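Residue-level structural notes
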Amino acid sequence: MNDIGAHLAAMRNTAPLVQNITNYVAMNVMANALLAAGASPAMVHAREEAAEFAGLAQALSVNIGTLDPDWVTAMEDAARVMNDAGKPWVLDPVAVGATALRRDAGARLLALKPSVVRGNASEVMALAGADAAGRGADAADEVASAEAAARDIATRTGGVVAVTGPVDYVTDGAAAYRIENGSAMMPRVTALGCALSGVVAGFAVGQEPLPATVAALAFYGLAGEEAAARAQGPGSFLPAFIDALAGVTPEALDRGAKVMGA
Ligand SMILES: Nc1ncnc2c1ncn2[C@@H]1O[C@H](COP(=O)(O)OP(=O)(O)O)[C@@H](O)[C@H]1O
Ligand SMILES: Cc1ncsc1CCOP(=O)(O)O
Ligand SMILES: [Mg+2]
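Residues numbered from 1 in each chain as written. Chains lettered and ligands numbered in written order. Predicted model: local features only at pLDDT ≥ 70, side-chain atom pairs only at ≥ 80, totals over all residues. Heavy atoms only, no water.

We now examine the site of ligand 2. Looking at ligand 2, the residues that line it are N23, V25, G65, A137, T190, A191, L192, G193 and C194. The backbone of A191 places a nitrogen or oxygen atom 3.3 Å from an oxygen atom of ligand 2. Note that an oxygen atom of ligand 2 is positioned 2.8 Å from one of the backbone N or O atoms of C194. Protein coverage of the free-state accessible area of ligand 2, which is 370 Å², stands at 75%. Broken down by class, the residue content of the shell around ligand 2 amounts to 5 nonpolar, 4 polar and no charged. (Near = heavy atom within 4 Å. Polar contact = N/O pair within 3.5 Å; in protein donor to acceptor, adjacent residues only side chain to side chain. Areas by Shrake-Rupley, 256 points an atom, 1.4 Å probe, with all protein chains shown as cover. Nonpolar A, V, L, I, M, F, W, Y, C, P; charged D, E, K, R; others polar.)

Okay, the UniProt feature "binding site: ATP" (unreviewed entry) in the protein chain next. Per the UniProt entry, the sites bearing "binding site: ATP" (unreviewed entry) are R118 and T164 in this numbering. Spatial clustering of the annotated residues is evident: they stretch over 47 residues in sequence, but the largest pairwise C-alpha distance comes to 7.4 Å. Along the chain, the position of R118 falls in strand β5 (residues 116–120). Under the relative-accessibility criterion, R118 is labelled buried at 4%. Setting aside chain neighbours within four positions, we find R118 in contact with V90, L91, D92, P93, A162, T164, G193, C194, L196 and S197. (UniProt positions renumbered as here; feature names shortened; annotations may be inferred. Helix = DSSP H or I, 4+ residues; strand = E, 2+ residues; numbered from the N terminus. Buried < 20%, exposed > 50% of the residue type's maximum accessible area, 1.4 Å probe, protein only. Contact = heavy atoms within 4.5 Å.)

The next thing to look at is the packing of helix α1 (residues 4–14) against helix α9 (residues 209–230). Relative to each other, α1 and α9 sit at 90 degrees, their axes nearing to 9 Å. What the angle tells us is that α1 and α9 run roughly perpendicular. Counting all contacts with α1, which are made through I4, H7, L8 and R12, the residues of α9 involved are P211, A212, A215, A218 and F219. Across the contact of α1 with α9, the residue classes tally to 7 nonpolar, 1 polar and 1 charged. (Axes fitted to C-alpha atoms, helices over the stretch in contact; angles between N-to-C directions. Parallel < 35°, antiparallel > 145°, perpendicular 65-115°, else oblique.)

Right, let's talk about the pairing of strand β7 (residues 168–171) for a bit. Burial along β7 is two-sided: the residues D168 and V170 and Y169 and T171 are all buried. Pairing analysis gives 3 bridges linking strand β6 (residues 160–164) to β7, with the strands arranged antiparallel. From the neighbouring strand, V161 faces β7, where its bridge partner is T171. Looking at chain direction, β7 and strand β8 (residues 176–179) are connected through 4 bridges and run antiparallel. For V170, the partnering residue across the bridge sits in β8 and is Y177. Taking the residues that link successive antiparallel strands as the turn, the β7-β8 hairpin has 4 residues, and the phi of G173 there is positive, at about 95 degrees. (Pairing = 2+ DSSP bridges.)

Quick look at the structure:
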């Protein structure tokens, strides 16, 4: 892929309205990350309005981090609106293997064929029905161990699956890429995976899901590298990361993206 910066420029040019049905932990971080990246976030999850708002949104991210049954209904309703209108939506299967409620929600949402699934290795493996060792929202499996599960999900949904970790893996079931950008500081701050799923949704507006997802991951990882160079630890990393999301230019992304065909 050699037009990665152009995908960032296109996203910023659109400034997409991204609806997020996300968890209480992530709401603030995610909204700030989307704003800094150049999108327009809205956190709208009530069962009575989620589908109506989906009619206005250009993309949707659905995140099961702190769900309850009413939220699952809202997620399914909003996802159907996006599907009917041909608009992209992203599933973030937080801790999907941990409980029956999460496994059921994950299966229902997967059946609605998300444009992109973005999760850590343990989540992607659990979502595919494979044995996974995740602890809550944190990964306990290697990205390499989740590649077959990612291809399996992509084949089932016809969409894209992104497995994130030290080196990210993105596939549509046929082509695949690895993205080496990022910082070991990123998994030490909560909600950065959730926020990435929202950013992927923004990149998918008006762009092919596979290259849009690759570009979003390279952009996000490069911002992580720049923030890590300035931060003293996880606390100062977060504001530095928000600054870096706003500061990465398309030209810097073209220079700094570490993307390889897999
Ligand atoms: N050890 C690491 N080194 C570099 N980047 C990482 C590392 N772990 C995670 N990342 C990056 O952090 C971001 C969030 O991914 P991840 O931590 O896998 O999500 P989650 O928070 O959902 O578990 C991604 O951009 C990913 O590339
Ligand atoms: C800690 C936690 N618990 C429920 S949701 C959540 C946030 C998880 O965020 P991320 O997967 O982005 O680290
Ligand atoms: Mg996560």
